[in-house]
Amino acid sequence: MDADRTPKLVGTAWGLLVLNTLGSTGAETVVPLPRSLIQMVTMGALVAAFSLALALNLRLRVHASAFLFLLTLLLVPSVIASADLQSGFGALFRCARLALFVGTLWLLSRWWDGGPTFVRHHIRMYFLVLCTVAAGALVSPGAAMPDLYGGRLVGALWPLTPPQIGQYAAVIIGLAVLLVLGGRTDRRSAALVIVPSLVLLLLTHTRTATLGLLVGLTLAIGSLTLTSAAARRFFSWAVLCAAVAAVVFASALQEWFLRGQSEENFSNLTGRAKVWDALLAAPRTLGEKVFGMGLGDKSFDGLPIDNSWLAVYHEQGLIGVGLVAAVFVTLGGVALLRPPSLARACAIFLIGYCALASYTEAGLGDASPYLLHLTVAASLLAQPAAAASLPVPDPPRRRVPRWARTSEVT
């Protein structure tokens with residue numbers, strides 16, 4: 001196989017990483033799945049992904065990446081804080097999982113070339129996940145939109161929460177739109193992904209994913225407007241349609257956005273603000289402030305933190321917060337320095353989406369879909385490795401007969 005081409009099994013390894021980050025908690029499924037079984041499947045997927053990536057890259061050729069280097073450094077506060085077992089043996093298990101996850105990304109970085117290869121893998125894998133969500137809604141509509149979640153769409157075949165489904169749908173919608181604008185796919189193929197994904201996004205009533213999609217696309221398409229006529233047309237039509245929709249469907253949009261919540265509940269972000277205040281007010285030692293409490297389940301006093309920055313501070317301390325901030329600064333800085341291109345626009349979309357979602361979603365400090373999104377952005381911003389130049393043999397020396405040789409005459 002040509003070393004310059006991406007093997008098809010790289011997509012399989014990427015799909016296994018996606019499976020690992022689907023999680024083991026969520027809504028009740030049509031067929032009850034024990035949590036131990038789900039954890040076995042997800043962890044087995046991670047081990048299989050690492051083994052497959054290692055088999056494809058036995059020579060351990062990796063792409064020099066500041067992004068992956070920062071993720072590797074993130075293991076340091078994670079291990080230090082988890083070593084005292086204050087969060088239990090599960091913290092060390094999560095550290096091992098994060099190490100295996102980052103190691104797999106290092107092995108797959110060999111095929112980072114700034115092209116859309118990993119974007120296509122990303123869209124395919126998450127679209128397959130959304131297909132299972134749609135199938136569950138068709139098989140059992142009651143289980144797919146239970147009263148427990150306020151009638152919002154959940155995973156009825158695999159336990160997925162509305163924010164998860166909304167995140168997956170928003171990300172592949174944005175990437176598919178950008179591929180169409182960049183001429184990397186046809187409109188029919190893109191519509192087969194965008195339309196059903198948009199329907200699922202609306203059924204989840206996920207505000208973070210919707211805002212992330214709009215903001216991310218605005219930033220990405222804005223970066224293309226100076227060089228792409230298609231991007232300028234799309235941006236103009238999108239602004240016009242958004243203005244008309246805001247006027248005509250104002251009440252319906254407000255009702256969808258509020259999800260029947262009171263103003264007080266909406267103002268404190270569905271109770272998140274109370275958890276955040278309690279987390280920040282909790283007493284901590286100097287070591288806990290610097291290194292954190294150890295990797296956990298992204299909760300505080302049994303309640304979800306739902307904020308990446310506070311979750312990282314709680315589990316990996318100020319060092320972890322600094323490293324995650326450095327990830328965004330590095331990726332954002334590289335994206336701004338790149339000339340306008342489709343790869344740059346896709347990277348900006350993913351960075352912008354993750355930055356906005358980090359306010360109400362956790363996951364930037366551990367193996368999660370958000371790290372996979374940022375990994376795709378890093379692969380798009382990577383410079384292709386320069387081809388090694390082959391040594392040029394010296395031209396053969398011409399043999400001169402002895403009689404033709406002249407001696408120097410003094």
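Everything below is about the structure printed above this text.
What you see is a predicted model, and the numbers here were worked out from it, not measured in a lab.

**Student:** Sorry, what's going on with the overall build of the protein here?
**Tutor:** Within the protein, the secondary structure is distributed over 17 helices and two strands. Burial statistics for the protein: of 410 residues in total, 46% are counted as buried. Considering only contacts within the protein whose residues lie at least 6 apart along the sequence, 76% involve residues at least 24 apart. With the model as given, the accessible surface of the protein reaches about 21,000 Å², and the carbon-plus-sulfur share is 66%.

**Student:** Would you mind going over the layout of surface pockets with me for this structure?
**Tutor:** The gaps of empty space that remain are located by a probe, the size of a water molecule, rolled over the atoms. In this structure, the second largest pocket encloses a volume near 1,000 Å³. Lining the second largest pocket are 26 residues, with Leu198, Leu213, Leu214, Ala238 and Ala242 sitting closest to its centre. Counting residues per element, the ones that place at least two in the lining of the second largest pocket are α7 (162-181), α8 (187-204), α9 (207-222), α10 (229-248) and α11 (250-258). Take the lining of the second largest pocket: its biggest share by element is nine residues, from α10. Tallied by class, residues from the lining of the second largest pocket come to 24 nonpolar, two polar and no charged.

**Student:** Help me understand empty space enclosed by the protein, please; the structure alone is not making it clear to me.
**Tutor:** On inspection of all chains with the given rule, the structure shows one cavity of 30 Å³ or more. Considered as a void within the structure, the largest cavity measures approximately 50 Å³ in volume. As for the largest cavity, its lining consists of Phe67, Leu70, Leu71, Leu74, Leu323, Val324, Val327, Leu364, Leu371 and Leu374. For the lining of the largest cavity, the secondary structure elements donating two or more residues are α3 (66-82), α15 (308-337) and α17 (369-381). Here the lining of the largest cavity is built from residues that sort into 10 nonpolar, no polar and no charged.

**Student:** Help me out: how do you make sense of the environment of aspartate 366 in this one?
**Tutor:** If you trace the backbone, aspartate 366 turns up in the loop between α16 (342-357) and α17. Sequence separation between aspartate 366 and threonine 21 is 345 residues; the distance between their C-alpha atoms is 9.8 Å. Within the structure, the side chain of aspartate 366 is placed 3.1 Å from the side chain of lysine 298, a separation counted as a polar contact.

**Student:** It is not clear to me how α7 should be interpreted in this structure. Could you clarify?
**Tutor:** An ideal rise of 1.5 Å per residue puts 28 Å on 20 residues; α7 measures up with 29 Å between its terminal C-alpha atoms. Within α7, 18 of the 20 residues are buried, which leaves it mostly tucked inside the rest of the structure. Glycine 183, located one to two residues past α7, shows a positive phi value of around 70 degrees.

**Student:** Please explain the pattern of salt bridges as it appears in this structure.
**Tutor:** Any two side chains of opposite charge can pair, given that their charged atoms come close. Applying the stated criterion to the full structure yields three salt bridges. In this structure, aspartate 306 and arginine 272 form a salt bridge, with 3.4 Å as the shortest nitrogen-oxygen distance. Within this pair, whereas aspartate 306 is found in the loop between β2 (303-304) and α15, its partner arginine 272 is found in helix α13 (residues 272-281), the two being separated by 34 residues in sequence. A residue is classified by how much of its surface remains accessible, and arginine 272, at 17% relative accessible area, is buried. Between lysine 298 and aspartate 366 there is a salt bridge, with the nearest N and O atoms lying 3.1 Å from each other.

**Student:** What's the story with the nonpolar core in this structure? I'm lost.
**Tutor:** In globular proteins that are soluble, nonpolar side chains generally tend to be buried together. Membership of the largest hydrophobic core comes to 98 residues, with the highest contact counts inside it found for Trp14, Leu17, Phe67 and Leu374. Tallying contributions element by element places α7 first for this core, with 13 residues. If sequence neighbours within four positions are ignored, leucine 17 has contacts with Leu46, Ala49, Phe101, Thr104, Leu105, Leu108 and Leu372. Grouped together as the second largest cluster of nonpolar side chains are eight residues, Val275, Leu279, Leu310 and Ala311 included.

**Student:** Help me understand the side chain of asparagine 57 in this model?
**Tutor:** Here asparagine 57 lies in the loop between α2 (35-56) and α3. Take asparagine 57: its relative accessible area is 0%, and that puts it in the buried class. Of the polar contacts made by the side chain of asparagine 57, one reaches the backbone oxygen of leucine 107; its length is 3.1 Å. In this structure, asparagine 57 is in contact with Leu107, Arg110 and Trp111, ignoring residues within four places of it in sequence.

**Student:** For this particular structure, what's the right way to read the environment of lysine 274?
**Tutor:** Structurally, the position occupied by lysine 274 is in helix α13. In this structure, the C-alpha to C-alpha distance between lysine 274 and isoleucine 305, residues 31 residues apart in sequence, is 9.8 Å.

**Student:** Even after reading the chapter, I still don't get a nonpolar patch on the surface, so can you show me in this structure?
**Tutor:** Nonpolar side chains collect at one region of the surface, where Val30, Val31, Leu33, Leu37, Met40, Val41, Val139 and Leu157 lie side by side and expose about 680 Å² of accessible area between them. If one sorts the elements of the nonpolar patch by residue count, α2 sits on top with three residues. Given a relative accessible area of 31%, leucine 33 falls into the partly exposed group.

**Student:** I would appreciate a short explanation of unusual backbone geometry in the present structure.
**Tutor:** Keep in mind that most residues, glycine aside, have a negative phi and that most peptide bonds are trans. In this structure, histidine 205 takes a positive phi of about 55 degrees despite not being glycine. Structurally, histidine 205 is set in the loop between α8 and α9.

**Student:** I'm lost on the packing of α13 against α15 in this one. Help?
**Tutor:** In a pair of packed helices, the angle between the axes and the distance between the axes together describe the arrangement. With their axes 11 Å apart at the nearest point, α13 and α15 run at an angle of 30 degrees to one another. The orientation of α13 relative to α15 falls into the category roughly parallel. Considering the relative orientation of α13 and α15, their crossing is left-handed. For the pair α13 and α15, contact is made by Trp276, Leu279 and Leu280 and by Leu310, Tyr313 and His314, respectively. The residue makeup of the contact of α13 with α15, split by class, is five nonpolar, one polar and no charged.

**Student:** Which parts of the structure should I look at to understand the packing of helix α5 (residues 117-139) against α8?
**Tutor:** At a minimum axis distance of 11 Å, the contact between α5 and α8 shows a crossing angle of 45 degrees. The angle between α5 and α8 places the two elements in the oblique class. Taken as a pair, α5 and α8 cross one another with a handedness that is left-handed. Taken together, the residues of α8 that come into contact with α5 (itself represented by Ile123, Phe127 and Leu130) are Leu192, Val193, Pro196, Ser197 and Leu200. Classifying every residue of the contact of α5 with α8 by side-chain character gives seven nonpolar, one polar and no charged.

Here is what the cut-offs are and how they apply
Every chain is numbered on its own, with residues counted from 1 as its sequence reads. Given that this is a predicted model, residues contribute local features only at a pLDDT of at least 70 and side-chain atom pairs are listed and counted only at 80 or more, while totals for whole chains, interfaces and linings are drawn from all residues. Only heavy atoms go into the side-chain values, all of them from the structure, while hydrogens and water stay out. Strands are runs of DSSP state E lasting at least two residues, helices are runs of H or I lasting at least four, and both sets are numbered from the N terminus onward. The buried label applies to any residue whose accessible area, calculated with a 1.4 Å probe on protein chains only, is under 20% of its type's maximum; exposed applies above 50%, and partly exposed to all values in between. Note on definitions: a residue-residue contact is assigned when non-hydrogen atoms from the two residues lie within 4.5 Å. Here the accessible surface of atoms and residues is derived via Shrake-Rupley with a 1.4 Å probe, and residues count as covered only by protein chains that are part of the display. For each structure, a 1 Å grid was placed over the protein atoms alone; sets of points admitting a 1.4 Å probe that cannot get out are labelled cavities, open sets with protein on both sides within 12 Å along at least five of seven lines are labelled pockets, and lining residues have an atom within 4 Å of a point. Grid points are joined across faces, edges and corners, and a volume is the space filled by probe spheres set on the points. Residue polarity is assigned by list, with Asp, Glu, Lys and Arg as charged and Ala, Val, Leu, Ile, Met, Phe, Trp, Tyr, Cys and Pro as nonpolar; anything else, Gly included, falls into the polar class. Whenever a nitrogen or oxygen atom comes within 3.5 Å of another N or O atom, the pair is scored as a polar contact, on the condition that within protein one atom can donate a hydrogen and the other can accept it, and that pairs from neighbouring residues in sequence are kept only if both atoms are in side chains. Expected span, for any helix, means 1.5 Å times one less than how many residues it has. Each reported salt bridge corresponds to a side-chain nitrogen of Lys or Arg within 4 Å of a carboxyl oxygen of Asp or Glu. The criterion is simple. A nonpolar core is a set of buried Ala, Val, Leu, Ile, Met, Phe, Trp, Tyr and Cys residues joined through side-chain atoms within 4.5 Å. Residues enter patches when their relative accessible area tops 30% and they take part in no salt bridge; the joining distance is 9 Å for like charges and 5 Å for the nonpolar side chains Val, Leu, Ile, Met, Phe, Trp and Tyr. Only C-alpha atoms enter the line fits that serve as axes; for helices the fit covers just the stretch in contact. Angles between N-to-C directions range over 0 to 180 degrees. Orientation labels follow simple angle bins: below 35 degrees gives roughly parallel, above 145 gives roughly antiparallel, 65 to 115 gives roughly perpendicular, and whatever is left gives oblique. Crossing chirality is assigned from the near helix's rotation relative to the far helix, an anticlockwise turn below a right angle marking it left-handed and a clockwise turn marking it right-handed.

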